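# Breakdown of the fold
Listed here are the chains, written in short residue letters.
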Amino acid sequence: MPAAFTDTAALARFLDAARAIVGEDQVFAAEDDQRAYADQMAFDQATHQPSGAVAAASVEQVQALLKAAASARVPLWPISRGKNFGYGGSAPVQAGAVVLDLSRMNRVLEINQQLGYCVVEPGVSFYDLFDALARLGHPLWMSVPGNSWGSVAGNALERGVGPQPYGDHAAQICGLEVVLPDASLLRTGAGALDGNTAWHVTKNSYGPGWDQIFCQSNFGVVTKLGLWLMPPAEATMSLSLQLPEADDIERGIAMHAPLRLRGIIDHDAAWVSYVGIASYVGPRSMFWQGEGLLPDDEGVKIRQKLGVGWWNSQVNLFGPEEVIAAKAKIISAAAKDAGISGGDWQTWRQGDDFGASLAGIPSTRDMAMIDWYGGRGGHLGFSPVMPSDAKLAAAQFRRTRQRYEEFGVDYYGAFGVGGRQTVAVNEILYNRDDADQARRVHALFEALIADTHKAGFGEYRTHIDYMDAVAQTFDFNNHAMRRLNQTLKDALDPAGILAPGKQGIWPRAWRSEG
Ligand code: ADP
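Analysis parameters
- Residues numbered from 1 in each chain as written.
- Predicted model: local features only at pLDDT ≥ 70, side-chain atom pairs only at ≥ 80, totals over all residues.
- Heavy atoms only, no water.
- Core = buried A, V, L, I, M, F, W, Y, C linked by side-chain atoms within 4.5 Å.
- Buried < 20%, exposed > 50% of the residue type's maximum accessible area, 1.4 Å probe, protein only.
- Helix = DSSP H or I, 4+ residues; strand = E, 2+ residues; numbered from the N terminus.
- Contact = heavy atoms within 4.5 Å.
- Near = heavy atom within 4 Å.
- Polar contact = N/O pair within 3.5 Å; in protein donor to acceptor, adjacent residues only side chain to side chain.
- Areas by Shrake-Rupley, 256 points an atom, 1.4 Å probe, with all protein chains shown as cover.
- Nonpolar A, V, L, I, M, F, W, Y, C, P; charged D, E, K, R; others polar.
- Arc of directions from axis to C-beta.
- Axes fitted to C-alpha atoms, helices over the stretch in contact; angles between N-to-C directions.
- Left-handed = near helix turned anticlockwise from the far one by under 90°.
- Pairing = 2+ DSSP bridges.
- Phe/Tyr/Trp six-rings, centres within 6.5 Å; stacked < 30°, edge-to-face > 60°.
- Salt bridge = Lys/Arg side-chain N within 4 Å of Asp/Glu carboxyl O.

## As for the nonpolar core
Within the largest apolar cluster, 70 residues are counted, with the highest numbers of intra-cluster contacts made by W271, W311, I331, F415 and I428. Top contributing element to this core by residue count: helix α11 (residues 435–454), with six residues. In contact with F415, other than residues within four places in its own chain, are I249, I253, A269, A270, W271, W311, A393, Q396, F397, T422, V423 and A424.

## Re the site of the ligand
Taken together, the neighbourhood of the ligand is formed by 21 residues, with S80, G82, K83, S151 and V222 sitting nearest. Within the backbone of N84, one N or O atom sits 3.2 Å away from an oxygen atom of the ligand. Take K502: an N or O atom from its side chain is 3.1 Å from an oxygen atom of the ligand. Burial of the ligand by the protein chains amounts to 96% of its free accessible area of 550 Å². When its residues are assigned to classes, the shell around the ligand shows eight nonpolar, nine polar and four charged.

## Some details on helix α8 (residues 296–306)
Among all positions of α8, only E298, G299, I302 and R303 are buried. Projected down its long axis, α8 shows its buried positions confined to an angular sector of 145°, all on one face. Residues of α8 that are exposed and angled more than 90 degrees away from the buried face: Q304 and K305. On its buried face, α8 is in contact with α7 (274–281). In the stretch just after α8, G307 is the one whose phi turns positive, near 65°.

## Remarks on the packing of helix α6 (residues 249–261) against helix α10 (residues 390–406)
Running from N to C, α6 and α10 point in directions that differ by 145°, and their axes come no closer than 8 Å. Between α6 and α10 the crossing geometry is right-handed. Contact residues: I249, E250, I253 and A254 in α6; A390, K391, A393, A394, F397 and R398 in α10.

## Points about the sheet that holds strand β4 (residues 98–101)
Here we have four strands laid out as an open sheet, ordered β1-β2-β4-β3, and mixed in their pairing. The sheet is open, and its two edges are formed by β1 (27–28) and β3 (76–79), each paired on a single side. In the packing of helix α1 (residues 8–22) onto the sheet, the strands contacted are β1, β2 (52–55), β3 and β4, and the crossing angle to β2 comes to about 25°. Against the sheet, helix α3 (residues 59–72) touches β2, β3 and β4, its axis set at about 160° to β3.

## Here's the deal with the packing of aromatic side chains
Under the criterion given, the structure shown has 22 aromatic pairs. Consider the rings of Y274 and W310, whose centres lie 5.3 Å apart with planes at 75°: the pair is edge-to-face. In this pair, Y274 is assigned in helix α7 and W310 in the loop between α8 and β12 (311–319), connecting sequence segments 36 residues apart. Across the pair, exposure class does not vary: Y274 and W310 are buried alike.

## A closer look at the pattern of salt bridges
A full pass over the atoms with the stated rule returns 27 salt bridges. Between D366 and R365 there is a salt bridge, with its nearest N and O atoms 3.0 Å apart. For D366, a relative accessible area of 14% translates into the label buried. The class for R365 is exposed, based on a relative accessible area of 51%. Through salt bridges with shared partners, a single network forms among D16, R19 and E24.

## Considering the side chain of N316
Mapped onto the fold, N316 is located in strand β12. Judged by relative accessible area, N316 falls into the buried class, the value being 6%. Among the polar contacts listed, one links the side chain of N316 to the side chain of Q314, at a separation of 2.9 Å. When residues no more than four places from it in sequence are discounted, the contact partners of N316 are P163, M237, S238, D266, H267 and L358.

## Quick word on the pairing of strand β17 (residues 413–417)
Within β17, five of the five residues are buried, which leaves the element mostly enclosed by the surrounding structure. Every second residue of β17 is oriented toward a common face, with G413, F415 and V417 on one face and A414 and G416 on the other, all of them buried. Pairing geometry for strand β11 (residues 269–273) and β17, over four bridges, is antiparallel. By the bridge assignment for β17, A270 is matched with G416. The sheet contact formed by β17 and strand β18 (residues 421–431) spans five bridges and is antiparallel. When the bridges of β18 are listed, A414 appears paired with V425.

So this is what it looks like as structure tokens:
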């Protein structure tokens, strides 16, 4: 990783300019501020500690700040709400960069009930959008990630997922407004035609599609984002399934994948390991007070106590009752064929308590997982993607679990099963105050990257510590993709000021090869 940004004279010039743009009270550069915008889950916050933050309130301010940063050559790191925990929170890849905080731009600009989309500013949180929809009587349903305290825009741009039919959040993006690094303003897709009311309804406009180029990239600052939302379901049904043994993951994935591919299951249902579920209930000490790796027989006791399997999955259906009841029958038959047991289908109908609807309702319950080991907790996500092939996924699980055990970390994984792709989200839980654990977690993460690369797969998203390492694994034709990304980066951001190093994309000024 290139050196930190340390040019204090340039920084002072930029912060002065920023004060004139956003006002004195929206520039945060004291030591406390630097800590507040660091990665709250890092073992060592200094590695990615920003120089401070600047909070913009409008598109014009974002443009002016980018101009000032280019002129002073100060790197900026845009965040929407900065809750990207497990992947770095609000902290930049490059220590010393200034966080461009967009959380004040938090208007829901449009909710189009007829056409099923919303348009949000970057600072709109999942709770904000939920409240806006609730005020209208939930005419559309949103999809939310497990920990939904972040922003709708930031999460979609990072390719977050949720257990909903529209749970591939990046895939629901339609039409962006973006400030490019040279401060010019762009509207993508149909929005490139001034005043076009089809901006947020078609992804297939004229010419190359750019929405996805602004996902997980450092090519622009998104100031408006169109997102498709689903029509409310007339009814929903859900079924909880359990697999008793670790190796059962193979038949679990073999059951879900074809049903998902054929459109019988409406969403990417996940198989979640029991440590994950236990970690939402309480710290490990609630179940066992020992040291080291959780022993297998203690795992059995935890599963008995909580009434869960080694793997657990909730399959949800959404739509008219006669349609989903027919799907439910097919799914029950498939579970029976696979010898997979579970409870009974639960049905919700419009008019019942909305809390039981399976609509995306924001929650932060899952964040309780960081208390697993006690102390000041944290988590890291290791998230490789592979084909929805049961044997491949099972092999990935065995490899990964073995590594967790080798490094003395309790295994917690979830396999989100799509029709074609399965995403393994492996959570690495830790106590930030345990220096020995810090060393083991880092070694575990590096081993997982290397193992997964050797198996021929890569991660879909990663923590700021590992952005170069993961980019390095995407190596076809001697890193042709990195060269293309760098070519684009240099063309769009000649001053090299927007999020240097994000996803391993460094502007020329910071590349070792010049
Ligand atoms: P959230 O609060 O939704 O969890 P963040 O605000 O932490 O998400 O954003 C996650 C990452 O996505 C950021 O680190 C940044 O790289 C990128 N990002 C977020 N918002 C924007 C934006 N408006 N424009 C460009 N990139 C963004």
